[in-house]
Amino acid sequence: CCIDINSSTFIIRLLKLCVTSQCAAALSLVGINRVFFGCRNDRFGGCGSLLNLHEPNALPSDKHLGYPIHGGVLEEDAIRLLRSFYDRENFHAPDHKRKRKEGNLTP
């Protein structure tokens, strides 16, 4: 049940972290060394777009040490994958919650 997180541990994400400080603080508290991401999030990005929550002085805590971020890793592939995901309809959602795309009829 345990994951060993040490100074060589890093995270790879498809999309940049959001603007919530919980994500940035949690990554820092567990000792994540670096964060790599595919594409930026210009509307909600918390690591270099709207805010710089990855910076050591971004949060009011002595325990938040910050971490370097590296964006644009396979960026076009990440964008294509996200678009593909959001273009599809969730067929497993309850009928009253489904947002139907044009051309998709109720089965």
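In this text the structure is predicted, and so the values were computed from the model without any measurement. (Residues numbered from 1 in each chain as written. Predicted model: local features only at pLDDT ≥ 70, side-chain atom pairs only at ≥ 80, totals over all residues. Heavy atoms only, no water.)

1. Let's talk about the side chain of His54
Turning to step 1, where the next piece is worked out: Looking at the element boundaries, His54 is found in the loop between strand 2 (34-39) and strand 3 (69-70).
Turning to step 2, where the next piece is worked out: The residues touching His54, leaving out its near neighbours within four places in the chain, are Gly46, Cys47, Gly48, His64, Gly66, Tyr67 and Ile69. (Helix = DSSP H or I, 4+ residues; strand = E, 2+ residues; numbered from the N terminus. Contact = heavy atoms within 4.5 Å.)

2. Quick word on the environment of Glu55
Turning to step 1, where the next piece is worked out: Considering the arrangement of structural elements, one finds Glu55 in the loop between strand 2 and strand 3.
Turning to step 2, where the next piece is worked out: Separated by 14 residues in the primary sequence, Glu55 and Ile69 place their C-alpha atoms 9.4 Å from one another.
Turning to step 3, where the next piece is worked out: For Glu55, the residues in contact, after removing those within four places along its chain, are His64 and Gly66.
Turning to step 4, where the next piece is worked out: Looking at Glu55, its side chain comes within polar contact range of the side chain of His54, at 3.2 Å. (Polar contact = N/O pair within 3.5 Å; in protein donor to acceptor, adjacent residues only side chain to side chain.)

3. Structural notes on the environment of Pro68
Turning to step 1, where the next piece is worked out: Tracing the backbone shows Pro68 in the loop between strand 2 and strand 3.
Turning to step 2, where the next piece is worked out: Expressed as a C-alpha distance, the spacing of Pro68 and Glu55, which sit 13 residues apart in the sequence, is 7.7 Å.
Turning to step 3, where the next piece is worked out: Those residues in contact with Pro68 that lie beyond four places of it in its chain are Asn33, Arg34 and Val35.

4. Points about the pattern of salt bridges
Turning to step 1, where the next piece is worked out: Taken as a whole, this structure holds 1 salt bridge when the rule is applied.
Turning to step 2, where the next piece is worked out: For the salt bridge of Arg80 with Asp77, the shortest nitrogen-to-oxygen distance reads 2.5 Å. With Arg80 and Asp77 both in helix 2 (residues 75-87) and 3 residues apart, this pair spans about one turn of that helix.
Turning to step 3, where the next piece is worked out: Exposure remark for Asp77: the relative accessible area of 40% places this residue in the partly exposed category. (Salt bridge = Lys/Arg side-chain N within 4 Å of Asp/Glu carboxyl O. Buried < 20%, exposed > 50% of the residue type's maximum accessible area, 1.4 Å probe, protein only.)

Don't take any of this as a statement about function, it's just geometry.
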